[in-house]
Amino acid sequence: MSGNSIGMGAGAPLPAEALAPEKSKGRARAFFRKFCKQRLALIAACFIILLFIVAAFGPFLTPYNPDTPDYDALMKGPSAAHWAGTDEYGRDILSRLIDGTRLTMAVSLSSVLIAAVFGTILGLLSGFYGGWWDRLIMRGSDVLFSFPDLLLAIGIVAILGPGLSNVVIAVAVFGIPSFARIIRSVTLSAKQTLFVEATRSMGAKNSRIIWRHIFPETLSSIIVNVSMRIGGAILAAASLSFLGMGAKTTEPDWGAMLSMGRDYLSIAPHIVYFPGLTIFLAVLAFNLVGDGLRDALDPKTKN
Amino acid sequence: MTQHLLEVEGLKTEFKRGGGSVTAVAGVDFHIRKGEVLGLVGESGCGKSVTSLSIMRLLKDTPGKITGGSVRFEGTDLTKLSEKDMRRARGNDLAMIFQEPMTSLNPVLRIGLQLTEPIMLHLGYGRKKAREHAIHMLKLVGIPRAEEVIDEYPHQLSGGMRQRVMIAMAMSCNPKLLIADEPTTALDVTIQAQILDLMKRLKEEQEMGMLLITHDLGVVAEMCDRVVVMYAGRVVEEAPVQELFSNPKHPYTKGLIQSVPKLRQKVRRLESIKGNVPDLSQMPPGCKFAARCPFAMEKCVASEPELIPLAGASERKSRCWLTQDEAVEGGDRA
């Protein structure tokens, strides 16, 4: 395989006694090789990159102004002029979808990152210190887990009031226990390792052990869970907007567009189709990439 | 009496298991002088490693707990130190080498980072000076290409090399006491000899005391000044190394020595001690070795003898009814 020979050549010259086949540079290469082997995950990753580009350069890519109504073209189906048709005010749906990408990505990414940060901290503390601390955090997670995700989010938004920033908080809160649990279990196994005991025997502080030796062990789980949860977060944010608890209906949010189009389902179904399809593809792509990352980051799977 | 470097008195460590608790170390006494190597010998599960972990107070992540006795290091009782003071002592005054060199280094961090961490922590060196010191330590333990090895990952080193790195790490802050928990068990024989030589040399250069935990009597004969034999969480015999081999007192020690294969001895079968160590949760009331002892008497099953200093030699103790009559007249009972 050509990629393989390049990988071998790029590594530092191997000393004769080094037995390990893969050098540190080779590890990143091995990861990419494993990831690229998974066709679906690769396609999904390309789609996600496209989503990021659209989110970053949205305003330059929209064929029409997403907020300008065109009363001569109300609820027109897909055509050469309007690829995804127009909505009930004659606004170009494609432009609105492109504009909404930024909103959707911002909401889902920030909520998952907030969940990851808090969940990881709680999981590390819970797994490392154990005892009542562990019990408190894990029982708290159990309580959050016992609610159906969306119901919990609706409850939180109901308390905090509607609006996108509250949607971020709500989606983040129900993401925290999943991170906390995963990181706790990785921490539990990592703290049993001999090198942690050896480090402790050299007088290292707990904080040092957690940061230097245990946190790096949890990174791959964090990465995989982040990509898995983003799909769920997109869906949850869209659902909340659909229910009128997230984005205002004037904002070009995918969920809100779906909600608005619902009224015209029988006469202009394309208003619902395209936002629905976009949500579906985005969620699917993040889940596929999550699966791909999990397999590629697992040192046990052979390339 | 001169103060000993380490004085362990009546050390008792229990493990919680299910509802009850199991005593892994049941009142262990021994001492180590400055510059002395004490061997701690016994078969698997007799409490050797738990004793060493208790001295270092590294039982936090286990269900184990020190429930009695004292561990005095240069006069201060380690069991009473706060966690913060204990942390200051670990790696600085007391250092430890573990049995498995393959897993005692973090595989994802470079050697240098792991080696300089305790140096910066305990000696207060800056990054650059710590690195120089680390390279110096690597050279001291006989690692070739020390300047390169320091930037390599553990998987690039062999087992013997990794154990050298562990020794370098343990020795880097000039500890006064080194606890080596079966440091050569995972290595092959030629490397074992090298590592033992290295430890001996370093010990003499740095004048530190050493607690060498092993079940290899060959290593004991090679390295130790005195030996403590443990059985079922208790010390059963203590003797200077020469006397232990020439004149073992406790039947268990005799059995251990007999079960070492000897050159030029034409026997078909190797002697072995029959039976197994008793289950820690179901200890017999009398001598713990009685069930396996060829000399067991009724008395042995009924009550447990004490560890008593023997007459004739300095620092000889034995826990056996057979040696009670050899006890020092009016000797203090340990």
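Residues numbered from 1 in each chain as written. Chains lettered and ligands numbered in written order. Predicted model: local features only at pLDDT ≥ 70, side-chain atom pairs only at ≥ 80, totals over all residues.

In this section: the overall build of chain A. Per the secondary structure count, chain A includes 11 helices and zero strands. Written out in order from the N terminus, the α and β elements of chain A read α-α-α-α-α-α-α-α-α-α-α. Within the span of chain A, comprising 303 residues, buried residues form 41% of the whole. Considering only contacts within chain A whose residues lie at least 6 apart along the sequence, 68% involve residues at least 24 apart. (Helix = DSSP H or I, 4+ residues; strand = E, 2+ residues; numbered from the N terminus. Buried ≥ 20, exposed ≤ 12 C-beta atoms within 10 Å, placed from the backbone. Contact = placed C-beta atoms within 7 Å.)

All names here are of chain B. Summarising burial for strand β9 (residues 226-231): six of the six residues are buried, a large majority. In terms of strand pairing, strand β3 (residues 37-41) meets β9 through four bridges, oriented parallel. Looking at the pairing, V41 lines up with V229 of β9. Where β9 lies against strand β10 (residues 234-240), six bridges are found, and the strand directions are antiparallel. What sits directly across from R226, in β10, is P240. Between the end of β9 and the start of β10, which pair antiparallel, lie two residues, with A232 showing a positive phi angle near 50°. (Pairing = 2+ DSSP bridges.)

Residue and element names in this part refer to chain B. Each domain of chain B was delimited in the assignment, giving domain 1 (1-93 + 180-261) and domain 2 (103-174). Its C-alpha centre places domain 1 at a distance of 25 Å from the equivalent point of domain 2. With 12 residues of domain 1 at the interface, the matching set in domain 2 holds 11 residues. Per-class residue counts for the side of domain 1 that touches domain 2 are eight nonpolar, four polar and no charged. (Domains from an automatic or database assignment. Nonpolar A, V, L, I, M, F, W, Y, C, P; charged D, E, K, R; others polar.)

A separate point is helix α7 (residues 164-190) of chain A. Each turn of an α-helix holds 3.6 residues, which means side chains three or four residues apart point in the same direction. The terminal C-alpha atoms of α7 of chain A lie 38 Å apart, and with 27 residues this matches the ideal 39 Å at 1.5 Å per residue to within 8%. When the local axis directions of α7 of chain A are compared, the greatest deviation, roughly 30°, occurs at G175 of chain A, which is followed within four positions by the proline P177 of chain A. (Expected span 1.5 Å × (residues − 1). Bend = angle between axes of the 7 residues up to and from the residue.)

Next up on the list: the packing of helix α3 (residues 111-123) of chain B against helix α4 (residues 127-140) of chain B. Residue and element names in this part refer to chain B. Two elements in contact, α3 and α4, have axes separated by 9 Å at closest approach and are oriented at 115°. Here α3 lies roughly perpendicular to α4, going by the angle between them. The chirality of how α3 crosses α4 is right-handed. Residues G112, L115, T116, I119 and M120 of α3 form the contact with α4, whose own contacting residues are R127, A130, R131, H133, A134 and M137. Its residues placed into classes, the contact of α3 with α4 shows six nonpolar, three polar and two charged. (Axes fitted to C-alpha atoms, helices over the stretch in contact; angles between N-to-C directions. Parallel < 35°, antiparallel > 145°, perpendicular 65-115°, else oblique. Left-handed = near helix turned anticlockwise from the far one by under 90°.)

Right, let's get into the sheet that holds β3 of chain B. All names here are of chain B. Spatially, the eight strands line up as an open sheet ordered β6-β7-β8-β3-β9-β10-β12-β11, and their pairing is mixed. This sheet does not close on itself; its edge strands, each paired only once, are β6 (94-97) and β11 (308-309). Across the sheet, helix α1 (residues 48-56) touches β3, β6, β7 (177-181), β8 (209-214) and β9, and the angle it forms with β7 is around 150°.

Residues and elements named next belong to chain B. The buried fraction of β3 is high, at five of five residues. Every second residue of β3 is oriented toward a common face, with V37, G39 and V41 on one face and L38 and L40 on the other, all of them buried. Bridge analysis of β3 against β8 gives five bridges, and the strand direction is parallel. The residue bridging L38 from the neighbouring strand is L211, located in β8.

As a further point, take the packing of helix α4 (residues 93-129) of chain A against helix α5 (residues 131-146) of chain A. All names here are of chain A. It is the contact of α4 with α5, at a shortest axis distance of 7 Å, that shows an interaxial angle of 140°. Regarding the angle of α4 to α5, the classification is oblique. Seen along the crossing, α4 lies across α5 with a hand that is left-handed. Across the interface between the two elements, L122, L125, S126 and Y129 from α4 touch G131, W133, D134, I137 and M138 from α5. A class-by-class count of the residues in the contact of α4 with α5 yields six nonpolar, two polar and one charged.

Our next topic: the interface of chain A and chain B. Residue-level contacts link 18 residues of chain A with 25 residues of chain B. Only α8 (194-201) and α9 (206-242) of chain A provide two or more residues apiece to the side of chain A that touches chain B. Across the side of chain A that touches chain B, the residue classes break down as eight nonpolar, five polar and five charged.

A few words on helix α6 (residues 149-160) of chain A. Residue and element names in this part refer to chain A. The end-to-end C-alpha separation of α6 is 17 Å, in line with the 16 Å expected for 12 residues at 1.5 Å each. Buried within α6 we find A153, I156 and V157. Mapping the buried residues of α6 onto a view down its axis gives an arc of 95°, with all of them on the same face. Residues of α6 that are exposed and point more than 90 degrees away from the buried face comprise L151, A158 and I159. Buried residues belonging to α6 abut α7 and α9. Looking one or two places after α6, you find G161, whose phi comes out positive at around 95°. (Arc of directions from axis to C-beta.)

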